[in-house]
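Here is how the chains run, residue by residue.
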There are 2 protein chains.
Amino acid sequence: MSSKNTRTHTLILMPSGRRGQVEHGQTLLEAARQLGVEIESICGGRQTCDKCRVHVEDGEFTKHGIASSDSHLSSPTDTELAQLEKMGATDQRLSCAARVEGDLLITVPEESRAQKQIIRKTATQRTIEIAPAVRQVYVEVDQAQLGFHRGDWGRLQDALAEQWDIHDLAIDIHALRRLQPTLRQGDWKVTVTLWNDHEVIDVQPGYQEGAYGLAVDVGSTTVASYLCDLRTGELLATESVMNPQVSYGEDLMSRISYTTERADGLEKMNAAIIDALNKLARRAARSAKIARQQIYEISLVGNTTMVHILLNISPKEIGGAPFALANRDAMDVKARELGLKLHPGANAHILSAEAGHVGADNVGVLLAEQPHHQEGIILTVDVGTNAEIVLSSPDWMYSASSPTGPAFEGGQITAGMRAAPGAIERVRIDPETKAPRFRVIGDEHWSDEWLIGNNIPADQQPKHLAGGICGSGIIEVVAELYLAGLLTPDGRFNPKVDCASMQWDQDKRKGAYILATAQQSSTGKPVLITQNDVRAIQLAKAALYAGAKILMMRSGIQSVDKIILAGAFGSYIDPKHAMVVGLIPDCSLEKVYPVGNAAGDGARIALLNRDKRLEAGDISRQVRYIETAVDPDFQEEFVNAMHLPHRSDPYPHLEDILPKEKPAPSMGRGRRRQRKQAA
Amino acid sequence: MSSKNTRTHTLILMPSGRRGQVEHGQTLLEAARQLGVEIESICGGRQTCDKCRVHVEDGEFTKHGIASSDSHLSSPTDTELAQLEKMGATDQRLSCAARVEGDLLITVPEESRAQKQIIRKTATQRTIEIAPAVRQVYVEVDQAQLGFHRGDWGRLQDALAEQWDIHDLAIDIHALRRLQPTLRQGDWKVTVTLWNDHEVIDVQPGYQEGAYGLAVDVGSTTVASYLCDLRTGELLATESVMNPQVSYGEDLMSRISYTTERADGLEKMNAAIIDALNKLARRAARSAKIARQQIYEISLVGNTTMVHILLNISPKEIGGAPFALANRDAMDVKARELGLKLHPGANAHILSAEAGHVGADNVGVLLAEQPHHQEGIILTVDVGTNAEIVLSSPDWMYSASSPTGPAFEGGQITAGMRAAPGAIERVRIDPETKAPRFRVIGDEHWSDEWLIGNNIPADQQPKHLAGGICGSGIIEVVAELYLAGLLTPDGRFNPKVDCASMQWDQDKRKGAYILATAQQSSTGKPVLITQNDVRAIQLAKAALYAGAKILMMRSGIQSVDKIILAGAFGSYIDPKHAMVVGLIPDCSLEKVYPVGNAAGDGARIALLNRDKRLEAGDISRQVRYIETAVDPDFQEEFVNAMHLPHRSDPYPHLEDILPKEKPAPSMGRGRRRQRKQAA
């Protein structure tokens, strides 16, 4: 096609397969860019950063095919060779140094591609381009000399404009304080850390790399953090702690009350969460073997109350109608202003919220799961102490919040406990004998395989006896009790069913189910499921269901095509049992996707891609929030949803497994019609 | 011209005399604006702020002239009347309320004009428009209600956009924290304090006024502050303190050394100046009867070392060639980040500098004095521990810095003291008898009128005996000694002159002049002027003169048309004596202007007008800094300038008063020529 005698050569770049004619003598970096393939380069072509390495597959395209040779590239200089040897990569070339001197077939390895991506496998698989707010560039600055009075910061700005085309910069006062010694220490070669291509937040001597970010989901109960490499997007550490505010109140309302009833309430709770965030940053940094000062940005999601408290803003107004937020929009504030001990120039980005009771955590879920960019009607539910519910189609999104309370997390349940070793997480009840078997966290054996007793060697006994029951176990036991006929559709223990696992009081009015015997229990007392426990689950699931139902009614749809279950609880529950209980409306079981901590994923996405922050803002403005609690239909829907799985809504996908006994026909709609006529 | 039956009327606005046709029913505020007369209004026409009061001079223009009547305005409403009564201004009208219903002649009093000005009387008189970075506006915000999820900050932004056309705002985290309670306390009516129409830095309930700013000149020896009303420009308080860094070193070099030689040197000196600034703010606020938290901005000038230290940036690089600044440009940084205790949202604006040794203080002088916008060749000198010298024409500006040392401030002088009560500030020596008379600060009587002794009643004795001699006194005594023939042109005491006021050692080699007798002195010992004292003044004035001379040589000019003496020292010295000593080059005495603390004035101007900040930046880029110390001619000029008043440069304006004895002709130029030929 071409020869060394002509001015152009053929360049083929793998794996993209891009090809084209490039000029003789161009660097591979320039040539690839011309063909639309961006190769990473932090040092700007100074053979320092080693980020632009490529494999030379072949040179010389002959009539007979491709003959192996790399003589079609300029010979490596000593600098390049030294750099490649240092990296143990002598079979590669630096694309900023190697010049095209003939036809070439080049492979750009994943790590050298400028447009890095992470792939998120969830309800749908998608890729997120790595384009964070923080980036590092290497510059060579003009040395200060007599007669030039621009100032060192001016000289650095000139260098950044000339070498990186970055203009109109500000500099953080902390970076300015370090500027002069750093320039001299690095012999006027420095690595600059930029925020949003707008502010210099750090200057380090010479060529340096290592910019990290922390994404955090501030839950009422659990604070989860994800430490990421801001250049590659790689997840380096995941750390979580209990939210220490739990000691000031389990649910949001009690925390809000704590801030309004005590003069130092806000101050204390703010200090508690900032402490926790600092602890997470320290732990994550330690586990990834980096310094905490290398964390240049933190992105935060959380419910509105958590976000207000962490910003040291009183959540008082969220506690009562009209539930006004101090700020719904995204915020950027210096992390040091919040008391966070990261890099002194680090930014804290707080994602936007939707409404008084649907916060940045839900925006994070939507950013991560993108239900509105998927086909069909999708119900997205994030279950925690509050449940956030979003119903969406490609054309609209409605959101609501339901106060499900702590039952799904084991709270207000007689034997409830958090998901920890020994907690019962799986339950099966034999439809014939009504006898239970279960599995606890930390032991793969079902309880009916357990060998317990003085004559059993210790290593054959279960690793953990049953200490209680966690959220997913509670859903399963209620579902199984109902499927076995032990619970009637209205959630009462059925006195007509006689079985060894039931305990009844004298007049058979108050029953309890023995899930684990005294022998199977770590406390020596049986683990019981009481009528009150079932009621607590009914109340919680009815609140959630009724919220979803109001959204369905408002958008005029009868059924959903897909259900996304976000949050830790949503990940551990079995979709079938959730549906049997009536936690979620009917849906094909294969179309129910537990997606884990999607709120945290959203925080991570916003950390790694600054365009996604704008998208988050769009989402928060697009979602139409429905105040379900004041909806005239809510009470009726709530009452109907108390039934197992529901008083009137059909569950065709459960037809084969639900008990045949039909509940009494719903009186709800009739009553409502009467009320409306009376009004 | 018009009548009530037509749709327009004639409106004449005094004192501007603007006139035109305006629509029937318009408010006076709107009508005046249409005619190009801006009347102040903080409340946006809600009859709350009382800032738009006008006098109604006449209505009804008849053929015979103007008939007095104000029936051509709508009748005042109860609200307006109540407001006017409250202000004791029932003879006026609120222009936001009164509507035009006929021809009118209106006077807009000074205080109601939106474009306020302050007038600066200095070398030239000029006015400065009041247009500060900080302004306050009153807004009425939509109340939060169910179903509207914009957030309170969003609602405030909407109100500011709609009622004041202010967009794209950020909010300081401290203001955001107070936003919700403030909106409710003010019943959704609030006064918003804006910085640069870009950031909300305060929100107060209801209608409030009172935004103040502090302009500060951070001198090596004295820190002077000016508290201003940011709405009217009024100067409310002037306070100054000694720079407490003096205890770490008198001059700049010793302070720089202190920061480089001690690990905690910078930290200590930074804490000292921040403390001093806080003290000044507290004092100024107290004296103006305002709260320190009402100070919303501080503007700062100072030499480059002072500015570096107050920003907590090491001044190390300024201490040695090439004298690199960390930053030459203007800076805005939250005052709280510097440890300043003003309003928590207050900004600190630091003016730009020129070069390593010519700082923001000199930019302040140029901003205040505008020598480059005046006719002719002007020498501007700001004398402190360092002297900053600017030579300018309408087409160019050159600047230089000369290390004059502390002699002009009384340092390194045997009887030197700061300008305080008892310091000798004026000196006259009788040309015949060679006897001195003097005046001390704090007593208007010359010493030859003093009555001292046991038989004199206490109230007839001088208020202060002589405690020492201050800067202006030193210049005068040296000049008078020279004029009286007691000093030879090379600065030695003349042994040939015999007089009672001279003390000589045995071989008449070491002389001293008795300026005040033991009886006139508060110490009981005579106040002496020694040979060393004269030498110190010669060295200081030679450094200053040589700097100015190099600038004159570089710009190819022979003489200056005007001399501006800035700084406290420059204000107190007598121009004639300064010229006799040879501190400044020859100039008509009426063209020498002492202008006081022009650097502080520059800080005040930048505080009151944000466009002036841009102008300051232009100035700092326009001035061409000349490193005089490394100029090959400097040494020679310095040596020549050691003479009184100068070895070779003529002083035609002093012809009548200088001693006729001519100094030996200069060898300087000849020597230099020889050196050049040898090279």
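Calculation notes
Residues numbered from 1 in each chain as written. Chains lettered and ligands numbered in written order. Predicted model: local features only at pLDDT ≥ 70, side-chain atom pairs only at ≥ 80, totals over all residues. Heavy atoms only, no water. Contact = heavy atoms within 4.5 Å. Buried area = accessible area lost by both parts, 1.4 Å probe. Salt bridge = Lys/Arg side-chain N within 4 Å of Asp/Glu carboxyl O. Polar contact = N/O pair within 3.5 Å; in protein donor to acceptor, adjacent residues only side chain to side chain. Helix = DSSP H or I, 4+ residues; strand = E, 2+ residues; numbered from the N terminus. Nonpolar A, V, L, I, M, F, W, Y, C, P; charged D, E, K, R; others polar. Buried < 20%, exposed > 50% of the residue type's maximum accessible area, 1.4 Å probe, protein only. Patch = residues over 30% accessible without salt bridge, like charges linked within 9 Å, V, L, I, M, F, W, Y side chains within 5 Å. Areas by Shrake-Rupley, 256 points an atom, 1.4 Å probe, with all protein chains shown as cover. Lys, Arg positive; Asp, Glu negative; His and termini not counted. Charge placed at Lys NZ, Arg CZ, Asp CG, Glu CD. Domains from an automatic or database assignment. Expected span 1.5 Å × (residues − 1).

Trainee: For the interface of chain B and chain A, give the residues involved together with the corresponding values.
Mentor: Contacts between the two partners involve 41 residues from chain B, matched on the other side by 41 residues from chain A. Of all residues in chain B, L146, H149 and R177 of chain B give up the largest surface area on contact with chain A, accounting jointly for 19% of the area buried on that side. Our count for the contact surface shared by chain B and chain A stands at six salt bridges. At the surface where chain B touches chain A, the tally comes to 16 residue pairs in polar contact (both at pLDDT 80 or more). Contributing elements (two or more residues each) for the side of chain B that touches chain A: α3 (152–164), α4 (173–185) and β18 (331–334) of chain B. Per-element accounting of the side of chain B that touches chain A gives the leading share, seven residues, to α4 of chain B. A breakdown of the residues in the side of chain B that touches chain A according to their chemical character gives 19 nonpolar, 10 polar and 12 charged.

Trainee: Can you break down the pattern of salt bridges residue by residue, with the values?
Mentor: Close approach of charged atoms allows side chains with opposite charge to pair. Scanning the entire structure with this criterion turns up 70 salt bridges over all chains. Between R46 of chain A and E140 of chain A there is a salt bridge, and its shortest N-O distance comes to 3.1 Å. Within this pair, whereas R46 of chain A is found in the loop between α1 (28–34) and β3 (53–59), its partner E140 of chain A is found in strand β10 (residues 134–140), the two being separated by 94 residues in sequence. The partner of R621 of chain A in a salt bridge is D618 of chain A, with the nearest N and O atoms 3.1 Å apart. Placement of both R621 of chain A and D618 of chain A in helix α14 (residues 611–622) is noted, with a separation of three residues, approximately one turn of the helix. Judged by relative accessible area, which is 51%, R621 of chain A ranks as exposed. One network of salt bridges, with partners in common, ties together D172, E199, K334 and R336 of chain A together with E337 of chain B.

Trainee: Help me get a handle on a positive patch on the surface, residues and values and all.
Mentor: Residues and elements named next belong to chain A. A surface patch of like charges, here positive, comprises K279, R282, R283, R286 and K341. Considering the arrangement of structural elements, one finds K341 in the loop between β18 (331–334) and β19 (347–350). A residue is classified by how much of its surface remains accessible, and K341, at 52% relative accessible area, is exposed.

Trainee: Before we move on, can you summarise the domain arrangement of chain A with the specific residues and values?
Mentor: Accessible area lost when the parts come together is the quantity often used to give the size of an interface. When the domains of chain A are assigned, the result is domain 1 (8–112), domain 2 (134–205), domain 3 (212–350) and domain 4 (371–679). Distance from the C-alpha centre of domain 2 of chain A to the C-alpha centre of domain 4 of chain A: 56 Å.

Trainee: An account of α14 of chain A is requested, with residue identities and associated values reported.
Mentor: Under the 1.5 Å per step criterion, the end-to-end length of α14 of chain A is 17 Å for 12 residues, consistent within 8% with the ideal 16 Å. Every buried residue belonging to α14 of chain A is among K612, R613, E615, A616, G617, I619 and S620 of chain A, and all of these are buried.

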